[in-house]
Amino acid sequence: MNPRAAPVPETLSAQEIGRAAVLSLYDELALSPKPGLVTLTCRGSHDDMDAKTFLRSILALRGYFVRIAELGAVGAPFEALERCGIDAEARMLRATGGVNTHRGAIFMLGLLCASAGAVGRRVAPEALRATLRMRWGEALSKRAERPSSLPGGIAARRYQLRSASAEAALGFPTLFETAAPVLRHGLVLGLSRTQAQLDTLFATMAVLDDSNLAHRGGLPGLRHAQQAARAFIAAGGAGHPDGPAAAEAMAQDFIRRRLSPGGSADTLAAACWLQRLC
Ligand SMILES: CC(C)(COP(=O)(O)OP(=O)(O)OC[C@H]1O[C@@H](n2cnc3c(N)ncnc32)[C@H](O[C@H]2O[C@H](COP(=O)(O)OP(=O)(O)OP(=O)(O)O)[C@@H](O)[C@H]2O)[C@@H]1O)[C@@H](O)C(=O)NCCC(=O)NCCS
Ligand SMILES: Nc1ncnc2[nH]cnc12
């Protein structure tokens, strides 16, 4: 073999893709402190779910992420992915007693796992994004036009925000242009995984039209969260000596306001998944 030949990217199996999704959902749950979100020791702004609810949900989704990566590998149409996702939502709800823990993560990480399955080997994040848009971008654009009956989707339409479906139809710009680069850059700078993940969560909150925040706090709630996240980053982020105290103060503030950036949490999990696989 020519010693100067470019190395062949290693292949990625559906099992590896799915396993990375499960580990990344756990990364997100375990990150602490988080503003309004559930951690291993805190319910955040939620009365109906805690760490056990999320752990049951994550375990219930193990097979789903592998299955949807397999569907991507065989070139399945969007409708097949959607059916797989809806089955997974039902499995999630059975595991959580009817609580919506990961509907957004099922959608977002499901599409990413299908895209990784379609490519079949480790590639740069932008190549994965291009595959997602090429294969299912048109179907996702049509999907985004359908009115949603979900709290987040209703809020997104009411306040003219970019819903999860609309974000997907654009190839998850917040994930690929903000969250993933912030996580990668933080680790290169020598931040701990926890510090880099916290900066990624806040950088995402600062720019994402998180429909959960709008559903819970209206436009004022969303804008408050975005401004607070921008202030945290501007003050030096998680690596600053005052970072931990500032993050804890924001966690308490969000609980008082009953705010919960669920979409930002899913985007953080997706950035952790990309960091594992790309
Ligand atoms: C396509 C769907 C996602 C629904 O479409 P829609 O566009 O209406 O989506 P949204 O309602 O805007 O968001 C749905 C969930 O996605 C997360 N999310 C929110 N904003 C964004 C965003 N800008 N970008 C990406 N993702 C976003 C968020 O999910 C997380 O939060 C939920 C938990 O928080 P909580 O506050 O508890 O929410 P609720 O329980 O609703 O409120 P309370 O009752 O507590 O007051 C949890 O879901 C997290 O994951 C949004 O909630 C999708 O639903 C769909 O159509 N699915 C079927 C097809 C499918 O899954 N296919 C897979 C492969 S194609
Ligand atoms: N840790 C978390 N807490 C609340 N909602 C979420 N949605 C996704 N992750 C979440």
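Residues numbered from 1 in each chain as written. Chains lettered and ligands numbered in written order. Predicted model: local features only at pLDDT ≥ 70, side-chain atom pairs only at ≥ 80, totals over all residues. Heavy atoms only, no water.

- An unreviewed UniProt entry lists the protein under the name Probable 2-(5''-triphosphoribosyl)-3'-dephosphocoenzyme-A synthase, with Roseateles depolymerans as the source organism.
- Check the Function (unreviewed entry) section of the UniProt entry for the protein; it says "Involved in the formation of 2-(5''-phosphoribosyl)-3'-dephosphocoenzyme-A, the prosthetic group of the acyl-carrier protein of the malonate decarboxylase."
- According to the UniProt record, the Catalytic activity (unreviewed entry) comment for the protein reads "3'-dephospho-CoA + ATP = 2'-(5''-triphospho-alpha-D-ribosyl)-3'-dephospho-CoA + adenine". (UniProt positions renumbered as here; feature names shortened; annotations may be inferred.)

1. So, the overall build of the protein
Here is step 1 of the chain: Looking only at helices and strands, the protein has 13 helices and 0 strands in total.
Here is step 2 of the chain: Taken from the N to the C terminus, the helices and strands of the protein come in the order α-α-α-α-α-α-α-α-α-α-α-α-α.
Here is step 3 of the chain: If one aligns the C-alpha atoms of the protein with their principal axes, the spans along those axes are about 60 × 45 × 35 Å.
Here is step 4 of the chain: Expressed as a percentage of its 278 residues, the buried residues of the protein come to 53%.
Here is step 5 of the chain: At a minimum sequence separation of 6, the contacts of the protein that also span at least 24 residues come to 73%.
Here is step 6 of the chain: A total of about 12600 Å² of accessible surface is found on the protein, and carbon and sulfur atoms cover 56% of it. (Helix = DSSP H or I, 4+ residues; strand = E, 2+ residues; numbered from the N terminus. Buried < 20%, exposed > 50% of the residue type's maximum accessible area, 1.4 Å probe, protein only. Contact = heavy atoms within 4.5 Å. Areas by Shrake-Rupley, 256 points an atom, 1.4 Å probe, with all protein chains shown as cover.)

2. Observations concerning the site of ligand 1
Here is step 1 of the chain: In the region of ligand 1, 40 residues are neighbours, and E89, R143, G153, S165 and D266 sit closest.
Here is step 2 of the chain: In this structure, R143 approaches ligand 1 through a side-chain N or O atom, which is 2.6 Å from an oxygen atom.
Here is step 3 of the chain: In isolation ligand 1 has 1200 Å² of accessible area, and contact with the protein removes 92% of it.
Here is step 4 of the chain: At the level of secondary structure, the elements contributing two or more residues to the shell around ligand 1 comprise helix 3 (62-73), helix 4 (78-96), helix 5 (103-119), helix 7 (151-158), helix 8 (164-169), helix 11 (211-234) and helix 13 (262-277).
Here is step 5 of the chain: Within the shell around ligand 1, the residues separate by chemical class into 14 nonpolar, 16 polar and 10 charged. (Near = heavy atom within 4 Å. Polar contact = N/O pair within 3.5 Å; in protein donor to acceptor, adjacent residues only side chain to side chain. Nonpolar A, V, L, I, M, F, W, Y, C, P; charged D, E, K, R; others polar.)

3. A short note on the pattern of salt bridges
Two side chains that carry opposite charge are able to pair once their charged atoms sit near each other.
Here is step 1 of the chain: This structure, assessed with the given rule, holds 16 salt bridges.
Here is step 2 of the chain: A salt bridge links D50 to K52; the nearest nitrogen and oxygen atoms lie 3.7 Å apart.
Here is step 3 of the chain: Here D253 makes a salt bridge to R256, at a shortest N to O gap of 3.8 Å. Here R256 and D253 lie together in helix 12 (residues 243-257), a separation of 3 residues that amounts to about one turn.
Here is step 4 of the chain: Overlapping salt bridges bring together D27, R193 and R276 as one network. (Salt bridge = Lys/Arg side-chain N within 4 Å of Asp/Glu carboxyl O.)

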